[in-house]
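Single-letter residue listing:
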Amino acid sequence: MTAPLTPPHQPPPDDDAWQDSVHPRSGPGAEGPGAPASEEGTAMRTELRDAVVAAVAVAVTGVLLGLLWVWLAPRVPLVSDDKAVFLKDTEGEEAIGADGTFILLALGFGVVCAALVFLLRKRGGIPVVVGLAAGALLGSWVAMELGEWLGPTDDVVAAARAAGKGVVFDAPLRLNAKGALLAWPLAAMGAHLGLTALFAPRDPEIWPAPEL
């Protein structure tokens, strides 16, 4: 009498288990090699979105800078003798004062905008700094154009005729030093980088494991 080589009632081999060992199944909890790349892409999109928001918000505040410049900038007095228009005070510094007022206001706006952007996004990042600088430069241009448009008229001849002979009137508001447009973005970048270096959260340091 011979015994069977295969024990009775033994379940057949699980082919699915062998296939799973060779080709792991993918599921909701499975993590592939592309997961880190996906996280990096999401982080980059978030930084780009924050940079665009910062640029637009800072550029819009250029309207406030332009209004303050019109209000605070000194006026350049002119006078006419019905033949030509002259500076009332040839040694006056009102024209330089208008440029200086714009620069001082722009520096203040740069520091304030940098502080607000840092408070809203403390981790910083190159895209955010670039967006902050771009928005500040655009805001400076908006402030210059708005201030010159709201200031005294560009038609000096018509203003002289309206004022009359020997009557003082204001010259058009002009930003003579175009380099003043860089005051806001430079101040914003410097202030933001300084705040990031001092107060931004830092990654924890990883110490090597002690040798046994």
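Report on the accompanying structure. Predicted model only: the values in this text are computed from it and were never measured.

Brief notes about the overall build of the protein chain
Alright, step 1. Tallying secondary structure elements over the protein chain gives 7 helices and 3 strands in all.
Alright, step 2. Burial statistics for the protein chain: of 212 residues in total, 30% are counted as buried.
Alright, step 3. Expressed as a percentage of contacts within the protein chain between residues at least 6 apart in sequence, the contacts between residues at least 24 apart total 80%.
Alright, step 4. Accessible surface for the protein chain amounts to roughly 14,600 Å². Of this, 66% is attributable to carbon and sulfur atoms.

Considerations on helix α7 (residues 183-199)
Alright, step 1. The terminal C-alpha atoms of α7 lie 24 Å apart, and with 17 residues this matches the ideal 24 Å at 1.5 Å per residue to within 8%.
Alright, step 2. When we look at burial in α7, the residues that qualify are A183, W184, P185, A187, A188, A191 and H192.

Looking at the pattern of salt bridges
Between side chains of opposite charge, pairing is possible as soon as their charged atoms come close.
Alright, step 1. Scanning the entire structure with this criterion turns up 5 salt bridges.
Alright, step 2. Close ionic contact of D50 with R121 constitutes a salt bridge, the shortest N to O distance being 2.7 Å. Pair noted here: D50 is in helix α2 (residues 35-60) and R121 is in the loop between α4 (94-120) and α5 (126-150), with a separation of 71 residues, a long-range link.
Alright, step 3. A relative accessible area of 18% means that R121 is categorised as buried.
Alright, step 4. Put simply, D154 and R174 hold a salt bridge, and the shortest N to O gap is 2.8 Å. Here D154, found in the loop between α5 and α6 (156-163), pairs with R174, found in the loop between β3 (169-170) and α7; they are 20 residues apart in sequence, far enough to count as distant.
Alright, step 5. The class of R174 is partly exposed, set by a relative accessible area of 33%.
Alright, step 6. Members of the salt-bridge network, linked through shared partners, are E47, R49, D50 and R121.

As for α4
Given 3.6 residues to a turn, an α-helix orients residues that are three or four positions apart in the same direction.
Alright, step 1. Relative to the 39 Å expected for 27 residues at 1.5 Å per residue, α4 spans 39 Å between its end C-alpha atoms, a close match to the ideal helical length.
Alright, step 2. When α4 is considered as a whole, its buried residues turn out to be A98, D99, T101, F102, L105, A106, F109, G110, C113, A114, V117 and F118.

Considerations on the environment of V128
Alright, step 1. For V128, the location among the structural elements is in helix α5.
Alright, step 2. When the C-alpha positions of V128 and L48 are compared, they lie 7.3 Å apart, and in sequence the two are 80 residues distant.
Alright, step 3. Residues in contact with V128, not counting those within four places in the same chain, are E47, D50, A51, V117, R121 and H192.

Some details on the packing of aromatic side chains
Alright, step 1. In the structure shown here, the tally under the stated rule is 2 aromatic pairs.
Alright, step 2. With a centroid separation of 5.5 Å and an interplanar angle of 75 degrees, the aromatic rings of F109 and W184 are classed as edge-to-face. With F109 in helix α4 and W184 in helix α7, this pair connects stretches of sequence that are 75 residues apart. You'll find F109 and W184 in the same group, each marked buried.

Digging into the environment of L181
Alright, step 1. With respect to the secondary-structure elements, L181 resides in the loop between β3 and α7.
Alright, step 2. Taking C-alpha positions, L181 is 8.1 Å from A106, a pair spaced 75 residues apart along the chain.
Alright, step 3. Leaving out residues up to four positions away in the same chain, L181 has contacts with F102, L137, S140, W141, M144 and L175.

The rules we used
Residues numbered from 1 in each chain as written. Predicted model: local features only at pLDDT ≥ 70, side-chain atom pairs only at ≥ 80, totals over all residues. Heavy atoms only, no water. Helix = DSSP H or I, 4+ residues; strand = E, 2+ residues; numbered from the N terminus. Buried < 20%, exposed > 50% of the residue type's maximum accessible area, 1.4 Å probe, protein only. Contact = heavy atoms within 4.5 Å. Areas by Shrake-Rupley, 256 points an atom, 1.4 Å probe, with all protein chains shown as cover. Expected span 1.5 Å × (residues − 1). Salt bridge = Lys/Arg side-chain N within 4 Å of Asp/Glu carboxyl O. Phe/Tyr/Trp six-rings, centres within 6.5 Å; stacked < 30°, edge-to-face > 60°.

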